[in-house]
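# A look at the structure
As a plain string of letters, each chain reads:
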Amino acid sequence: MIDHYKIARQRMIDSQLTPRGIKDKRVLDAMRKVPRHLFVDEALYSQAYSDFPLPIGEEQTISQPFMVAVMTEALELKGDERALELGTGSGYQTAILAELCHKVYSIERISPLANRARKVLDKLGYGNVVVKIGDGTLGWKEEAPFDAIIVTAGAPDIPEPIVNQLKVGGRLLIPVGGEFMQSLIRVRKTETGIEKDDMGGCRFVKLIGENGWKIERE
Ligand code: SAH
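One structure accompanies this document, and this report is about it. Since the model is a prediction, treat every value here as computed from it, not as a measurement.

### Notes on the overall build of the protein chain
Scanning the protein chain for helices and strands turns up six helices and nine strands. In terms of its C-alpha atoms, the protein chain occupies a principal-axis envelope of roughly 55 × 40 × 35 Å. The long-range share in the protein chain, meaning contacts at least 24 apart out of those at least 6 apart in sequence, stands at 55%. One finds the centroid of the 30 positive side-chain charges in the protein chain at a distance of 3 Å from the centroid of its 31 negative side-chain charges.

Structural data, given as structure tokens:
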């Protein structure tokens, strides 16, 4: 039987990722492997490999494949890392991380999303992922420090606890800026402090929490 989704994944790599400069073979292999369509509603399966974000319910979105590739590549994963993810959402980025590092700790504040992501990740056999419901802007102190941290929601500033929970030599990727536009910032922790580089503009939903945006009142 022809696997149309497998063909769609290869097409996604050839038209959206490689031509725009994604080079890390491990990232490309992971994105060729993970069945992204299973992380969205069945009604959206046919759009799962398209070049844009998609709604996942609760007013949240699954990121555009290219954004997942850029952020994952920038984490420079080799395979032995312990990674922290803030904003599990659909769980797709979580699965990509699970393919590329030793263990993934992921936090989501909206329980129905966390539960659904957990189910899909279990079904696909990702035993190296722990999903927790809570406020990711506090980090995950009991499991810190981490080699890599990825935040897939936009923050007004970099939450201090997560910088503290990054190992020396570790990388943190986070969209920082206004409510509607942010800059994708890569933070590298060194012996003497932190180095930041701006990887360009991006647009994410809000990181809501104690060290993020405050919850809007009804
Ligand atoms: N990587 C996900 C992106 C989901 S959108 C994917 O591709 O599917 C961002 C997610 O961050 C949303 O699900 C939102 O609920 C979550 N989020 C926002 N603030 C958060 C916080 N403080 N802690 C944990 N998750 C948060």
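Here the narrative resumes, following the displayed structure.
### Details of the environment of Tyr 49
Relative to the assigned elements, Tyr 49 resides in the loop between α2 (25-33) and β1 (54-57). Since its relative accessible area comes to 8%, Tyr 49 is described here as buried. Of the polar contacts made by the side chain of Tyr 49, one reaches the side chain of His 37; its length is 2.7 Å.

### Section: the side chain of Ser 106
Checked against the element boundaries, Ser 106 lands in strand β4 (residues 103-108). When its relative accessible area of 0% is taken as the criterion, Ser 106 is described as buried. Within the structure, the side chain of Ser 106 is placed 2.7 Å from the side chain of Thr 88, a separation counted as a polar contact. Apart from residues no more than four positions distant in its own chain, Ser 106 is found in contact with Glu 85, Thr 88, Thr 94, Val 130, Val 131, Lys 132 and Trp 140.

### Some points on the sheet that holds strand β6 (residues 146-151)
The seven strands are arranged β5-β4-β3-β6-β7-β8-β9 in an open sheet whose pairing can be described as mixed. Strands with a single pairing partner mark the edges of an open sheet, and in this sheet they are β5 (129-133) and β9 (194-202). Shown here is a sheet whose adjacent strand axes are inclined to one another by a mean of 15°, direction ignored. Here four bridges tie strand β3 (residues 82-86) to β6, and the two strands are oriented parallel to one another. Across the sheet, residue Ala 83 finds its bridge partner in β6, namely Ala 148.

Rules behind the numbers
Residues numbered from 1 in each chain as written. Predicted model: local features only at pLDDT ≥ 70, side-chain atom pairs only at ≥ 80, totals over all residues. Heavy atoms only, no water. Helix = DSSP H or I, 4+ residues; strand = E, 2+ residues; numbered from the N terminus. Contact = heavy atoms within 4.5 Å. Lys, Arg positive; Asp, Glu negative; His and termini not counted. Charge placed at Lys NZ, Arg CZ, Asp CG, Glu CD. Buried < 20%, exposed > 50% of the residue type's maximum accessible area, 1.4 Å probe, protein only. Polar contact = N/O pair within 3.5 Å; in protein donor to acceptor, adjacent residues only side chain to side chain. Pairing = 2+ DSSP bridges. Axes fitted to C-alpha atoms, helices over the stretch in contact; angles between N-to-C directions.

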